[in-house]
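Each chain, letter by letter, is given below.
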Amino acid sequence: MSNQAIALEAAVRKEFGKGAARRARRAGQIPVVVYANEFEPLHILVDRLDFTAIIRNHGTNAVVSLDIEGEKQLAMIKSVDQNVLTFNIDHADLLAIKRGEKVEVDIPVVHTGEIASGAMLMQDAETIRVEADVMNIPEEIVLDVEGMEIGSTITAGDVQMPGGCTLVDDPEMLIINVVVPEVADVPEEGGQEDGTEDDAAEVEETSAADE
């Protein structure tokens, strides 16, 4: 968890349209919109390298302290659009927040440890939705699966919530399921599939009858 916002400088966006957005991206900037209940959406530009580093190091639930040409605004990342070819961030939406505010966020779930021999682990959910203080949003939730045997499960309700977080998802939502490994069908040794052997025998008998 983090109780500090990450500083990010921004400039007011003065040009709009696809052409302006392309020029901004070529200049190493990302068009961003900041949404809020108290004011109209803010259209800003941020440095692509700085913003990408925040996503890479702190995840998509990162909280930033925007410096918009001298005006400060706390915000959290709402959504990010990446270019399908370059994987560069093309656009982002932020949500204006205040210290002490509670927000609902999806927290990534990872697991650690080794399950019992001969079993297979299935992870049915990659995130858990929780309500958390904006300045104490967990980067991830780690589940210990050490020694779990076939038939064992972990549901959202089984997960110990990080301090200050409340579960929003259905407690019955399945997160981890330990099952019997799937075994592919293998033809018996010497056998042939689709009646090939029988077909060959029929051909041989027919040939003998024709002689």
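Keep in mind that what you see is a predicted model, and the values were worked out from it rather than measured.

Participant: Teacher, can you tell me more about the overall build of the protein chain here?
Facilitator: A tally of regular secondary structure across the protein chain gives 3 helices and 13 strands. Relative to its 211 residues, the protein chain shows a buried fraction of 32%. When contacts within the protein chain are restricted to residue pairs at least 6 apart in sequence, those whose partners lie at least 24 apart make up 65%. Of the roughly 13400 Å² of accessible surface on the protein chain, a fraction of 47% belongs to carbon and sulfur atoms.

Participant: Sorry if this is basic, but what is going on with the pattern of salt bridges here?
Facilitator: Pairing of side chains with opposite charge becomes possible as their charged atoms draw close. For the structure shown, the criterion picks out 6 salt bridges. A salt bridge links Glu-38 to Lys-98; its shortest N-O distance comes to 3.9 Å. Within this pair, whereas Glu-38 is found in the loop between β2 (29-35) and β3 (42-47), its partner Lys-98 is found in the loop between β6 (89-96) and β7 (102-112), the two being separated by 60 residues in sequence. We note that Glu-38, like Lys-98, is exposed. Salt-bridge contacts for Asp-106 lead to Arg-129; the nearest nitrogen and oxygen are separated by 3.0 Å. Within this pair, whereas Asp-106 is found in strand β7, its partner Arg-129 is found in strand β9 (residues 127-133), the two being separated by 23 residues in sequence. For Asp-106, a relative accessible area of 36% corresponds to the partly exposed category. Among the ionic contacts, a cluster of salt bridges with common partners joins Glu-104, Asp-106 and Arg-129.

Participant: Just to check I follow, could you spell out the sheet that holds strand β8 (residues 120-123) for this structure?
Facilitator: Note on sheets: strands pair through backbone hydrogen bonds, and any given pair is parallel or antiparallel. Taken together, 3 strands build an open sheet; the order of strands is β8-β13-β11 and the sheet is antiparallel. The strands lining the two open edges of the sheet, one partner per strand, are β8 and β11 (153-155). Averaged over all pairs of adjacent strands, the angle between their axes in this sheet comes to 10°, without regard to strand direction. Alignment of β8 against strand β13 (residues 174-179), held across 4 bridges, turns out to be antiparallel. By the bridge assignment for β13, Leu-121 is matched with Val-178.

Participant: Whenever I open this one, the environment of Arg-129 confuses me. Can you help?
Facilitator: Exposure remark for Arg-129: the relative accessible area of 26% places this residue in the partly exposed category. Spatially, the C-alpha atom of Arg-129 lies 6.7 Å from that of Glu-104, the residues being 25 residues apart in sequence. Not counting the four nearest positions on each side in its chain, Arg-129 is found in contact with Glu-104, Val-105, Asp-106, Leu-167, Val-168 and Asp-169.

Participant: Would you mind showing me how to read the environment of Thr-153 here?
Facilitator: Of note, Thr-153 is situated in strand β11. Expressed as a C-alpha distance, the spacing of Thr-153 and Leu-121, which sit 32 residues apart in the sequence, is 9.5 Å.

Participant: Explain the layout of surface pockets to me, please; I cannot follow it from the model alone.
Facilitator: Any empty space left between the atoms is revealed when a probe the size of a water molecule rolls over them. Size it by volume and the largest pocket reaches roughly 280 Å³. Forming the walls of the largest pocket are 16 residues, and the residues nearest its centre are His-58, Asn-61, Ala-62, Ile-137 and Glu-139. Here the lining of the largest pocket is composed, by residue class, of 8 nonpolar, 7 polar and 1 charged. Both of domain 1 (6-97) and domain 2 (104-179) provide at least three residues apiece to the lining of the largest pocket.

Participant: Looking at this structure, how should I read unusual backbone geometry?
Facilitator: Residues apart from glycine generally show negative phi values, whereas peptide bonds are mostly found in trans. One non-glycine residue, Glu-69, adopts positive backbone phi at about 50°. In this structure, Glu-69 sits in the loop between β4 (63-68) and β5 (71-82).

Participant: Just to check I follow, could you spell out the sheet that holds strand β1 (residues 6-12) for this structure?
Facilitator: Strand order in the closed barrel made by the 6 strands is β1-β3-β2-β6-β5-β4, with mixed pairing throughout. For this sheet, the mean inter-axis angle between neighbouring strands, taken without regard to orientation, is 45°. Note that β2 and β6 share 4 bridges and pair parallel. Directly across from Tyr-35, in β6, lies its bridge partner Leu-95. This element, helix α1 (residues 18-26), spans β2, β3 and β6 of the sheet and lies at about 120° to β2.

The rules behind each value
- Every chain is numbered on its own, with residues counted from 1 as its sequence reads.
- Only residues with pLDDT of 70 or above have their local features reported here, since the model is predicted, and side-chain atom pairs are shown and tallied only from 80 upward, although totals for entire chains, interfaces and linings are computed over all residues.
- Here the side-chain values reflect all heavy atoms present in the structure, with hydrogen atoms and water set aside.
- Only DSSP runs of H or I with at least four residues qualify as helices, and only runs of E with at least two residues qualify as strands; both kinds are numbered from the N terminus onward.
- Each residue is assigned to one of three classes by its accessible area relative to the maximum for its type, calculated with a 1.4 Å probe on protein chains only: buried under 20%, partly exposed between the two thresholds, exposed over 50%.
- Note on contacts: a residue pair is in contact if any heavy atoms of the two residues lie within 4.5 Å.
- Accessibility throughout is a Shrake-Rupley quantity obtained with a 1.4 Å probe, and a residue counts as covered only by protein chains that appear here.
- The rule for a salt bridge is simple: a side-chain nitrogen of Lys or Arg has to be within 4 Å of a carboxyl oxygen of Asp or Glu.
- The rule for pairing is simple: two strands pair if DSSP sees at least two bridges between them.
- Inter-axis angles, ranging from 0 to 180 degrees, are taken between N-to-C directions of lines fitted to C-alpha atoms, where helices are fitted over the stretch in contact.
- A cavity, in this analysis, means grid points on a 1 Å lattice covering only the protein atoms where a 1.4 Å probe fits yet has no way out; a pocket is instead an open set bounded by protein on both sides within 12 Å along at least five of seven lines, and a residue lines either one if it has an atom within 4 Å of a point.
- Grid points are joined across faces, edges and corners, and a volume is the space filled by probe spheres set on the points.
- Charged residues are taken to be Asp, Glu, Lys and Arg, nonpolar residues to be Ala, Val, Leu, Ile, Met, Phe, Trp, Tyr, Cys and Pro, and polar residues to be all remaining types, Gly included.
- For the purposes of this description, domain bounds are those given by an automatic or database domain assignment.

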